[in-house]
Amino acid sequence: MKLAARVVSTLLLSIALVACGGREQHQTSTDGAQSRSSNKPITIKGSDTMVILTQRLAEEYMKANPGEVVQVNGGGSGTGIAALINGTVDLAMSSRPMKGDEKQKAATSRGSEIVEHPIALDGLGVFVNNTSPVQHLTLAQIKDIFQGKTTNWNQVGGPDAQIILYGRENSSGTYDYFREHVLEKGDFHPRVQTLQGTAAVINAVGRDKNGIGYGGIAYAKDVRAIAIQAEGAQPIAPSETTVANGTYPLSRKLFLYYPSSAPERVTKFAQWAITPEAQALVTKVGYFPLNTAQ
Amino acid sequence: MKPRHEAVFRRRERLRKAQNALMTGTFSIAGWVAIVFIFLIFLFTFKETIPIFTDKEIQREANVHKFFVEQQEGPTITDRFVWQPTSDVPKVSLWPIILGTLKATIVGLLFACPVGVAAALFSSEFAPPRLREVIKPVIELLAGIPSVVMGFFALIVIATWLQDAFGFTYRLNAINAGLALGFALVPIVYTISEDGLSAVPRAHREASYALGATRFQTAWKVVLPAAAPAVFASFVLAFGRAIGETMILLMAGGNAAITSFSLFDPLRTLSATIAAEMGEVVVGSAHYSSLFFMGTLLFVITFVSNTLGQLVIKRMQLRMQGAAS
């Protein structure tokens, strides 16, 4: 009976505690709403390719503007754009331009036009294992490889071995960009192994001597980004100059998107991202600054 | 003197009854909450699936016919059944993904069931008591390894070992994924089988020894059959876990939706597809409903397998009792 009494009293006590907790929480949240107006965090979500970059920009921005808080999340360009449309973030970062219908949806749900704001350039690398003898491929060859029409390395000047394909999952802007610009809107072959993030693709290709994958070249580590030959041109290896002057066939813009009615703290961050100070940071992280573009 | 005594007694009795009612109520509410939650989750999953059956707009991209019957042009089954929901012409055959799920589950069970049962037999029948005290908690500790850690280990370490040892074309394949999944299933098979084996009455063993059976014969022909319902129950539970397991297969399976029966190809499972694609999908689109359809499918598979499993176990238990009496 003593035990029962103890159980009952514990229950009552815990109910009382929960009730108190609820009230306390309520209070802090109303307090917060009043004082937070100045430093409500700026939320950014989207492209996994841009996470490193935007994270570094955010850190620097917060250092330069004490009191401002910037939260950066990955998930893929599609995820970021969906979040912008749903109104759960202030800015979306995307490694592909927003489609017309996406812009329209976002404009209707946010109540104002969406601003497209490029902040950097990125080269999309095609990676092979360090031990691979293949030095360059044409765009058409890469297309055939990822569509499963070319299946053996010896068809493109490599050893006699099956080509192992690595790619990104379909929420990725890199996936969309590659599909649009290399596969010319065709389908990837089902044998492409879809991995979560460019870092995972690089890691897999680094461990697989017959592997080939694609991703932002800022991530390249222990793999080789091959030179790419557009039709009627020389093979061009990705480098700062070739990406910046547009001769490397797979260079793309990286964007921030926000509604034009966004509060000043949001637009201020976006504008800051293209100042020379921020663009220097872009180079440091391994991407390419905008101002040298064509 | 006497009436006062009685009053105290009555008051105590009333308090006891009140407490009893309170505790019974609390526990039954807790029980009902669990049931209601499962029901609500199923209802929600199913609700999001409904457009597949009713919405004309969505049916143009995804319907039951497209999931299970429709084929593309192509020389091999890999080309004919394709999961490509975000392509310009969406292709939503579920076969590559169902096949992937089955391949991983079968390899996982083929590894985990013999190992789990053998380990359970060893620790309940052969191991000296002190060793048993060590084996049991250690294997049960295996169940505590987060599946993301197991998946990462399979992705980085096991895949390389297997490729070096057998020269697989694909580093990440059904063998690798199934093996990693098997590690997660062993503790389930082991724990439940072991409990069942230990619960077999001493009399069975003694009778067997009295007839001149060796220790191995006793374990294999007397104790194991007597514990069959528990062993089978462990297989059913392991199957349920294997079908639903996500992280290990997402990481170690290579994630390519290939329609192929080969165990040396990469695979993609239902749960991994939901996990990988749900983040990006436009709410209310055909792709979104398709993912929820997969969720419902998973729900139905586990529900049916668990129910069938329960029936078989009941049967086995009845037969066991019939044999004993």
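What counts, and where the lines are drawn
Residues numbered from 1 in each chain as written. Chains lettered and ligands numbered in written order. Predicted model: local features only at pLDDT ≥ 70, side-chain atom pairs only at ≥ 80, totals over all residues. Helix = DSSP H or I, 4+ residues; strand = E, 2+ residues; numbered from the N terminus. Rg over C-alpha atoms; globule rule 2.2 N^0.38 Å. Buried ≥ 20, exposed ≤ 12 C-beta atoms within 10 Å, placed from the backbone. Contact = placed C-beta atoms within 7 Å. Pairing = 2+ DSSP bridges. Axes fitted to C-alpha atoms, helices over the stretch in contact; angles between N-to-C directions. Domains from an automatic or database assignment. Nonpolar A, V, L, I, M, F, W, Y, C, P; charged D, E, K, R; others polar. Arc of directions from axis to C-beta. Parallel < 35°, antiparallel > 145°, perpendicular 65-115°, else oblique. Left-handed = near helix turned anticlockwise from the far one by under 90°. Core = buried A, V, L, I, M, F, W, Y, C linked by C-beta atoms within 7 Å. pLDDT = per-residue confidence, 0-100.

## Examining the overall build of chain B
Piece 1. Summing up its helical and strand segments, chain B has 15 helices and two strands in all.
Piece 2. What you see for chain B is a C-alpha radius of gyration of 26 Å, clearly larger than the 20 Å of a compact globule of 325 residues, by over 25%.
Piece 3. Reported as C-alpha extents along the three principal axes, the dimensions of chain B are approximately 90 × 60 × 40 Å.
Piece 4. In chain B, which comprises 325 residues, the proportion classed as buried is 36%.
Piece 5. Contacts in chain B between residues far apart in sequence, at least 24 positions, make up 75% of those at least 6 positions apart.

## Things to note about the overall build of chain A
Piece 1. Across its full length, chain A carries ten helices and twelve strands.
Piece 2. Burial analysis of chain A (294 residues in total) assigns 43% to the buried set.
Piece 3. Counted over contacts in chain A with a minimum sequence separation of 6, partners at least 24 positions apart contribute 71%.

## Considerations on the sheet that holds strand β11 (residues 235–236) of chain A
All names here are of chain A.
Piece 1. Pairing in this open sheet of three strands is mixed, and the strands run β5-β10-β11 from one edge to the other. Each edge of the open sheet carries a strand with a single partner, namely β5 (136–138) and β11.
Piece 2. Strand direction decides the pairing type here: strand β10 (residues 227–229) and β11, joined by two bridges, are antiparallel. Residue Ile228 lies in a different strand from β11, and its bridge partner there is Ile236.
Piece 3. Sheet contacts for helix α5 (residues 139–146): β5 and β10; angle to β5, the most-contacted strand, approximately 85°.

## Overview of the domain arrangement of chain A
Residue and element names in this part refer to chain A.
Piece 1. Domain boundaries assigned for chain A yield domain 1 (38–121 + 253–292) and domain 2 (122–244).
Piece 2. Computed over C-alpha atoms, the centres of domain 1 and domain 2 are 27 Å apart.
Piece 3. Every contact between the two is made by 19 residues of domain 1 and, on the other side, 14 residues of domain 2.
Piece 4. Going through the elements one at a time, α3 (77–86) and β4 (114–129) are the ones with two or more residues in the side of domain 1 that touches domain 2.
Piece 5. Here the side of domain 1 that touches domain 2 is composed, by residue class, of seven nonpolar, ten polar and two charged.

## Things to note about α5(A)
All names here are of chain A.
Piece 1. Within α5, the full set of buried residues consists of Ile142, Ile145 and Phe146. The arc that holds the buried residues of α5, viewed along the axis, is 90°, so those residues lie on one side.
Piece 2. Summarising the contacts, the buried residues of α5 are in contact with β4, β5, β6 (164–168) and β8 (211–216).
Piece 3. Once α5 finishes, Gly148 follows within two positions and takes phi at roughly 80°, a positive value.

## A word on the packing of helix α7 (residues 129–142) of chain B against helix α9 (residues 174–198) of chain B
All names here are of chain B.
Piece 1. At a minimum axis separation of 8 Å, α7 and α9 run at an interaxial angle of 140°. The orientation of α7 with respect to α9, classified from their angle, is oblique. Of the two elements, α7 crosses α9, and the hand of that crossing is left-handed. In this structure, α7 contributes Lys136, Ile139, Glu140 and Leu142 to the contact, and α9 contributes Phe183, Val186, Pro187, Tyr190, Thr191 and Glu194.

## Quick look at unusual backbone geometry
Piece 1. Of note in this structure, A:Glu184 is not a glycine but carries a positive phi near 50°.
Piece 2. Positionally, A:Glu184 belongs in the loop between α6 (173–181) and β7 (193–195).
Piece 3. Residue A:Glu184 is classed as exposed on the basis of its C-beta count, with 11 C-beta atoms lying within 10 Å.
Piece 4. Even without glycine at this site, B:Asn255 takes up a positive phi of about 55°.
Piece 5. Mapped onto the fold, B:Asn255 is located in the loop between α13 (247–252) and α14 (270–277).

## Let's talk about the pairing of β4(A)
All names here are of chain A.
Piece 1. Taking burial as the measure, the 16 residues of β4 include twelve buried ones, the bulk of the element.
Piece 2. Sheet analysis places β4 next to strand β12 (residues 251–259), joined by nine bridges and oriented antiparallel. By the bridge assignment, Leu121 is partnered in β12 with Lys253.
Piece 3. Examined bridge by bridge, β4 and β8 share five bridges and lie antiparallel to one another. Of the residues in β8, the one forming a bridge with Gly125 is Gly215.
Piece 4. Two elements, β4 and strand β9 (residues 223–225), share three bridges in a ladder whose sense is antiparallel. Within the sheet, the bridge partner assigned to Phe127 lies in β9 and is Ala225.

## Overview of the nonpolar core
Nonpolar side chains tend to gather and get buried jointly when the protein is soluble and globular.
All names here are of chain B.
Piece 1. With 150 residues, the main nonpolar core has Ala180, Leu185, Val189, Ala238 and Ala252 as its most contacted residues.
Piece 2. Top element by residues in this core is α9. It accounts for 15 residues.
Piece 3. Sequence-distant contacts of Val189, that is, excluding residues within four places in its chain, are made with Ala112, Cys113, Gly116, Val117, Ser234, Phe235 and Ala238.

## A look at the confidence of the model for chain A
Residues and elements named next belong to chain A.
Piece 1. For chain A, per-residue confidence averages 83 on the pLDDT scale, and residues scoring 70 or more make up 85% of the total.
Piece 2. Taken element by element, chain A is modelled with least confidence in helix α1 (residues 2–35), mean pLDDT 45, and with most confidence in α5, mean pLDDT 94.
Piece 3. Segment residues 16–37 is flagged for pLDDT under 50; beyond a separation of four residues in sequence, or across chains, it makes zero contacts in the model.

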